[in-house]
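Geometric and topological summary
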Amino acid sequence: MFSLNVPVPPAARRIAADVAPELTAFRTVRKRPTIVVKRFGDDRSLNRLREQLRPTLADVRPFAARITGVETFDNPPNGDSPVVYLAVEGEGLRDVHERVVREFGAVEGLEGDEYDPHVTLARGVAEDRDSAEAAVERLRARGLESEPWTVSELGIWTKEYREFSARFPL
């Protein structure tokens, strides 16, 4: 499984690491944060996908993005709920998403109009829903935001290896 991702900036990695101790009420805590632009199925090879993406991304220029706070997906289309995440804003990010979705199609319930750029922090309640809700409220109260950063590359992320297998400088 592949996805087109934005490299997570150091500021967002620091925020994720700083809040990890607050996430003990959740079943899983994400150790390697990502920002997904578009998901792809298993029906493509890495080389084929890279070559298909190249013309789609050819004239994309660097753009600004920033973390705006903590949010939740209370009813995600798949997997455990809730999903606790850092919300990411950036008009350029949405533009790239729309461009790639026009070319490759949308994953229903996750992309297109449903797309919310984010960095997943944790998901699923371990045992006590009240503790999980209280943790989310504490994180929201902290006002977790970042200064804008410039997205200057995108990459093909491999779920199998949890790393970028190809990069596209902007």
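Above: the structure in question.
Right, let's walk through the structure included here. (Residues numbered from 1 in each chain as written. Predicted model: local features only at pLDDT ≥ 70, side-chain atom pairs only at ≥ 80, totals over all residues. Heavy atoms only, no water.)

**Re the packing of aromatic side chains**
- Under the counting rule described, the total for this entry stands at three aromatic pairs.
- Taken together, a centroid distance of 5.2 Å and an interplanar angle of 80 degrees make the contact between F40 and F104 edge-to-face. In this pair, F40 sits in strand 3 (residues 35-40) while F104 sits in helix 3 (residues 91-104), placing the two residues 64 residues apart along the sequence.
- Classification of F104 by relative accessible area gives buried; the value is 17%.
- Ring plane angle 80 degrees and centroid distance 5.3 Å describe the contact between W157 and F164, whose orientation is recorded as edge-to-face. The residues W157 and F164 share a single accessibility class, namely buried.
- Just above the ring of F40 sits the side chain of K38; from NZ or CZ to the centre is 5.3 Å. (Phe/Tyr/Trp six-rings, centres within 6.5 Å; stacked < 30°, edge-to-face > 60°. Helix = DSSP H or I, 4+ residues; strand = E, 2+ residues; numbered from the N terminus. Buried < 20%, exposed > 50% of the residue type's maximum accessible area, 1.4 Å probe, protein only. Lys NZ or Arg CZ within 6 Å of the ring centre and 35° of its normal.)

**Quick look at the sheet that holds strand 6 (residues 118-125)**
- Sheet architecture is open: five strands sit in the order 2-6-5-4-7, paired in antiparallel fashion. Both edges of this open sheet fall to strand 2 (26-29) and strand 7 (149-151), since each of them pairs with a single strand only. Strand-to-strand twist of the sheet, defined as the mean angle between neighbouring strand axes without regard to direction, takes the value 35 degrees.
- The sheet contact formed by strand 5 (residues 83-89) and strand 6 spans five bridges and is antiparallel. If you follow V83 over to strand 6, its bridge partner there is R123.
- Across the sheet, helix 1 (residues 10-19) is in contact with strand 4 (63-73), strand 5 and strand 6; its angle to strand 5 comes to roughly 155 degrees.
- Where helix 4 (residues 129-141) meets the sheet, it contacts strand 2, strand 4, strand 5 and strand 6, and its direction lies at approximately 150 degrees from that of strand 4. (Pairing = 2+ DSSP bridges. Axes fitted to C-alpha atoms, helices over the stretch in contact; angles between N-to-C directions. Contact = heavy atoms within 4.5 Å.)

**Observations regarding the environment of V101**
- Counting through the fold element by element, V101 comes out in helix 3.
- With eleven residues separating them along the chain, V101 and G112 place their C-alpha atoms 6.7 Å apart.

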